[in-house]
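# Close look at the chain arrangement
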Amino acid sequence: MNLSYRKAVKNDADLLIDIYNSSFYDDYIRYGECPAYGRTKEKMELSIINIPKYIIMSSGNPIGVFSIESRGNGQYYLGCLCIIPAYQRMGIGAHAFQYMLSVYSDWILISLVTPADKEQNIKFYTEKCGFHTGAKTMDGNVEVINLYMERFVMDECDKKTS
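Residues numbered from 1 in each chain as written. Predicted model: local features only at pLDDT ≥ 70, side-chain atom pairs only at ≥ 80, totals over all residues. Heavy atoms only, no water.

## Digging into the overall build of the protein chain
Counting its regular elements, the protein chain contains five helices and seven strands. Of the regular secondary structure in the protein chain, the N- to C-terminal order runs β-α-α-β-β-β-α-β-α-β-β-α. The dimensions of the protein chain, computed from C-alpha atoms along their principal axes, are 55 × 35 × 30 Å. Within the protein chain, the proportion of its 162 residues that are buried is 40%. A separation of at least 24 residues holds for 58% of the contacts in the protein chain among residues at least 6 apart in sequence. Accessible surface computed for the protein chain: about 9,300 Å², of which carbon and sulfur atoms make up 49%. Between the centroid of the 17 positive side chains of the protein chain and the centroid of its 19 negative side chains there is a distance of 3 Å. (Helix = DSSP H or I, 4+ residues; strand = E, 2+ residues; numbered from the N terminus. Buried < 20%, exposed > 50% of the residue type's maximum accessible area, 1.4 Å probe, protein only. Contact = heavy atoms within 4.5 Å. Areas by Shrake-Rupley, 256 points an atom, 1.4 Å probe, with all protein chains shown as cover. Lys, Arg positive; Asp, Glu negative; His and termini not counted. Charge placed at Lys NZ, Arg CZ, Asp CG, Glu CD.)

Structure, rendered in structure tokens:
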């Protein structure tokens, strides 16, 4: 599969809404709410401006999105990694995640949340991407689990002693 990535721009708002709605429709039905589903064009445009989003392309066709927010000092929050249903379970998400790590190579900590009962999401992030599970909390009426991935980085003092 020929995958490529491009950074989303404000004019991509309608496209991103379509990808998000396709990817998160089942969550919206399951939980009665989903922050990624049903966004207005105005909210998506503002989100594109404030939080970098990358469109995942397969042979020139948009099939997914990831968004990552810098929280400073090498800490990032993965707000979304979604693939439209017809392209799921093909290794695209894992490939996109590796691409993301190469773009944000200064990462020290990456965190995210996913519904606590979405076993396939938890399995993907822990087994395919290397995340660890953290605390469960409530987000609206949905129990979510916090996931995180840390990378040890030696400081100058550590380098001199090794």
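Next comes the rest of the account.
## Side note on the sheet that holds strand E6 (residues 132–139)
Here we have seven strands laid out as an open sheet, ordered E1-E2-E3-E4-E5-E7-E6, and mixed in their pairing. Where the open sheet ends on each side, the last strands, each with one partner, are strand E1 (3–7) and E6. Averaged over all pairs of adjacent strands, the angle between strand axes in this sheet comes to 25°, irrespective of strand direction. Note that strand E4 (residues 75–83) and strand E5 (residues 109–115) share three bridges and pair parallel. Within the sheet, the bridge partner assigned to Tyr 76 lies in E5 and is Ile 110. (Pairing = 2+ DSSP bridges. Axes fitted to C-alpha atoms, helices over the stretch in contact; angles between N-to-C directions.)

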